[in-house]
Amino acid sequence: MSEKSYELPKRDPNVIKSMFDAISFRYDLLNFLMSFGLDSGWRKRLVKEANLKDNAVILDLACGTGDISFSFFKSQQKGLRIKGTDFSGEMIKKAQKKAIAKKINEIVFQVGDALQIDEADKSVDVISIGFALRNLSSLPLAFREMSRVLKPGGRALCLDLTRPQNSFLRFGHSIFLK
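Basis of the calculations
Residues numbered from 1 in each chain as written. Predicted model: local features only at pLDDT ≥ 70, side-chain atom pairs only at ≥ 80, totals over all residues. Heavy atoms only, no water. Buried < 20%, exposed > 50% of the residue type's maximum accessible area, 1.4 Å probe, protein only. Helix = DSSP H or I, 4+ residues; strand = E, 2+ residues; numbered from the N terminus. Arc of directions from axis to C-beta. Contact = heavy atoms within 4.5 Å. Expected span 1.5 Å × (residues − 1).

Enquirer: Describe in detail helix H6 (residues 139–149), supporting the description with residues and values.
Expert: Those residues of H6 lying buried are Leu139, Ala142, Glu145, Met146 and Val149. One face of H6 carries all of its buried residues, which in axial projection span an arc of 130°. Exposed residues lying more than 90 degrees from the buried face of H6 are Arg144 and Ser147. Elements that come into contact with the buried residues of H6 comprise strand S1 (57–61), strand S4 (124–130) and strand S5 (150–159).

Structural data, given as structure tokens:
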């Protein structure tokens, strides 16, 4: 059986980082608009699908301004260890400011790369990545890294937008995103 390969358009990491640094102050609004306000519910569903246990180690890759990390925190599971990483330092600064405003000290936010995860092998129970796959330069490398750090039986959850299959909706979606 041959493996079908899917390569994303080539992404220059410096361009991606600069773009997200530049839009960090509007990122939450953009996610809200691009999802027609459904993003909050999707994050809640992602947390539910994670099937969290007490004391779980959670890694939120490409965390942006931290909304998925905050959703995990709200789950009320005991002893969660949550870390949010993002390639953009400005996104991390925004996530840290939001944590301070929400009086949440239990989430660690730091600059990190989904293609070179700074975690030990088999050390993470749950990995999430939201609205970021299209910005990675190598999906195979990202998924290998996730697999490397996940504990046996761990879960990797990806939340992203796709193009609608219905041609009428796809046309409207295209206009909206442009």
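Enquirer: Talk me through helix H5 (residues 89–101); I want residue IDs and the actual numbers.
Expert: For an α-helix the count is 3.6 residues per turn, leaving residues at separations of three or four pointing the same way. Helix length check: H5 (13 residues) gives 18 Å between terminal C-alpha atoms against 18 Å at 1.5 Å per residue, within 8%. Residues Met91, Ile92, Ala95, Lys98 and Ala99 constitute the buried set of H5. One side of H5 holds all its buried residues, which, seen down the axis, span an arc of 120°. The exposed set on the far side of H5, more than 90 degrees from its buried face, consists of Lys97, Ile100 and Ala101. Positive phi shows up at Lys103, right after H5, with a value of about 60°.

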